[in-house]
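Summary of the model geometry
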Amino acid sequence: TTKMTARDVNVFYGAKQALKNVSIDVSRENVTAFIGPSGCGKSTFLRCFNRMNDTVDSAQVSGRIQLDGKDIYSPDMDVVQLRARVGMVFQKPNPFPKSIYENIAYGPRIHGLARAKPDLDIIVESSLRRAGLWDEAKDRLNESGTAMSGGQQQRLCIARAIAVDPEVILMDEPCSALDPIATAKIEELIDELRGKYAIVIVTHNMQQAARVSQKTAFFHLGSMVEYGDTS
Ligand code: ADP
Ligand code: ADP
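Here goes a summary of the coordinates provided. All figures in this text were calculated on a predicted structure; none of them were measured in a lab. (Residues numbered from 1 in each chain as written. Chains lettered and ligands numbered in written order. Predicted model: local features only at pLDDT ≥ 70, side-chain atom pairs only at ≥ 80, totals over all residues. Heavy atoms only, no water.)

Of all five residues in strand β7 (residues 168-172), five are buried, a share of seventy percent or more. In β7, alternate side chains face the same way, and those of Val168, Leu170 and Asp172 on one face and Ile169 and Met171 on the other are all buried. Pairing of strand β6 (residues 86-89) with β7 involves four bridges; the strand directions are parallel. Bridge assignment links Gly87 to a residue of β7, and that residue is Ile169. (Buried < 20%, exposed > 50% of the residue type's maximum accessible area, 1.4 Å probe, protein only. Helix = DSSP H or I, 4+ residues; strand = E, 2+ residues; numbered from the N terminus. Pairing = 2+ DSSP bridges.)

The next thing to look at is the pattern of salt bridges. Counted by the stated rule, this structure contains 17 salt bridges. Note that Asp25 is salt-bridged to Arg7, the shortest N-O span being 2.7 Å. Residue Asp25 is located in strand β2 (residues 16-27), and its partner Arg7 is located in strand β1 (residues 2-13); the two are separated by 18 residues in the primary sequence. Exposure remark for Arg7: the relative accessible area of 36% places this residue in the partly exposed category. For Glu143, the salt bridge goes to Arg140, with nearest N and O atoms at 3.0 Å. With a relative accessible area of 38%, Glu143 lands in the partly exposed category. Through salt bridges with shared partners, a single network forms among Lys3, Asp68, Arg85 and Glu167. (Salt bridge = Lys/Arg side-chain N within 4 Å of Asp/Glu carboxyl O.)

Before going further, it helps to examine the site of ligand 1. If you check the shell around ligand 1, you find Tyr13, Lys16, Ala18, Pro37, Ser38, Gly39, Cys40, Gly41, Lys42, Ser43, Thr44 and Asp57 and nothing else. The backbone of Gly39 places a nitrogen or oxygen atom 2.7 Å from an oxygen atom of ligand 1. Side-chain polar atom of Lys42 to an oxygen atom of ligand 1: 2.9 Å apart, as the coordinates give it. When ligand 1 is considered free in solution it has 560 Å² of accessible area, and contact with the protein chains removes 63% of it. (Near = heavy atom within 4 Å. Polar contact = N/O pair within 3.5 Å; in protein donor to acceptor, adjacent residues only side chain to side chain. Areas by Shrake-Rupley, 256 points an atom, 1.4 Å probe, with all protein chains shown as cover.)

What follows deals with the sheet that holds strand β9 (residues 215-220). Spatial strand order, β6-β7-β8-β3-β9-β10: six strands in an open sheet with mixed pairing. On the outer flanks of this sheet lie β6 and β10 (223-229), each paired with one strand and no other. For this sheet the average axis-to-axis angle between neighbouring strands, irrespective of direction, equals 15°. When β9 meets β10, the two strands line up antiparallel, connected through six bridges. Residue pairing in the sheet places Ala217 in a bridge with Tyr227 of β10. (Axes fitted to C-alpha atoms, helices over the stretch in contact; angles between N-to-C directions.)

Here the focus is the packing of aromatic side chains. The full count for this structure, using the stated rule, is six aromatic pairs. Arranged with centres 6.5 Å apart and planes meeting at 55°, the rings of Phe34 and Phe49 form a pair that is tilted. With Phe34 in strand β3 (residues 31-35) and Phe49 in the loop between α1 (42-46) and α2 (52-55), this pair connects stretches of sequence that are 15 residues apart. This pair shows no difference in class: Phe34 is buried, exactly as Phe49 is. When the centroid spacing of 5.1 Å and the interplanar angle of 65° are considered together, the rings of Phe45 and Phe49 count as edge-to-face. By way of ring pairs, the aromatic residues Phe34, Phe45, Phe49 and Phe219 are connected into one cluster. (Phe/Tyr/Trp six-rings, centres within 6.5 Å; stacked < 30°, edge-to-face > 60°.)

Here the focus is helix α7 (residues 150-163). Look at α7: 20 Å from first C-alpha to last across 14 residues, which is about the 20 Å you get at 1.5 Å a residue. Buried residues dominate α7, accounting for 13 of its 14 residues. Among the residues trailing α7, Asp165 stands out with phi positive, at a value near 60°. (Expected span 1.5 Å × (residues − 1).)

With respect to the helices and strands, the residue Arg51 is situated in the loop between α1 and α2. Of the polar contacts made by the side chain of Arg51, one reaches the side chain of Asp54; its length is 2.9 Å. Contacts of Arg51, omitting those with residues within four sequence positions, involve Ile72, Tyr73, Ser74, Met77, Val79, Leu82 and Arg83. (Contact = heavy atoms within 4.5 Å.)

Following this line, the structure appears as structure tokens:
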């Protein structure tokens, strides 16, 4: 089942063209890796999928990107809602400076998925379990998320994305700030999440792409120069 499709996407930052006529489909069946040297447009393309590019980076985006057949750049698209359906995990883990519990409960509460404490408790536990963090977090739910190790913080950010029931999870070099053991845990987790969410991961690391992805898109100077099964 195809989740997101991008067709003939062009992105400009002012006069500078950062992305040239790029198209792709992403689905739950495959983890898709965006690979290529620094500055080739990987992040720019990823940030088109949740509208960070035009709303945060002031980029000019043309072409068509659809989520479940609906154009995400149409004027009636609710961008706050879109950000829940298309979650994002950044290079530097960025938990809220709040308790571990609140990091997870905040999204479901503001999106109206749950209000009562028992319902939120269930979402907190299931999200942390899915992110492989429950055993480490269950006895410290009231401690600050920022007090955790880097790898735990990144899994907390993944749990936070999961908590609002996304269809797509975007990851922008999610392991670059982590040590090898924490990196291996995230890679394992990505594999476990495959099939549940359409996952797109930006990496400049070919070995990582080979370990976590089934589809690879290679970028060079703003163009997608190759796409196919990860070998
Ligand atoms: P990558 O993720 O492959 O390293 P980026 O998508 O970050 O590449 O950048 C692609 C090109 O667009 C680069 O030349 C970069 O300097 C430029 N760029 C990225 N973000 C911005 C921005 N917010 N404003 C202006 N130029 C940008
Ligand atoms: P990465 O290396 O992870 O792709 P960058 O260091 O290129 O990230 O970019 C970090 C931030 O700076 C991003 O928000 C990006 O949009 C912005 N940025 C990148 N290049 C430029 C640029 N030439 N002008 C303005 N902002 C930029």
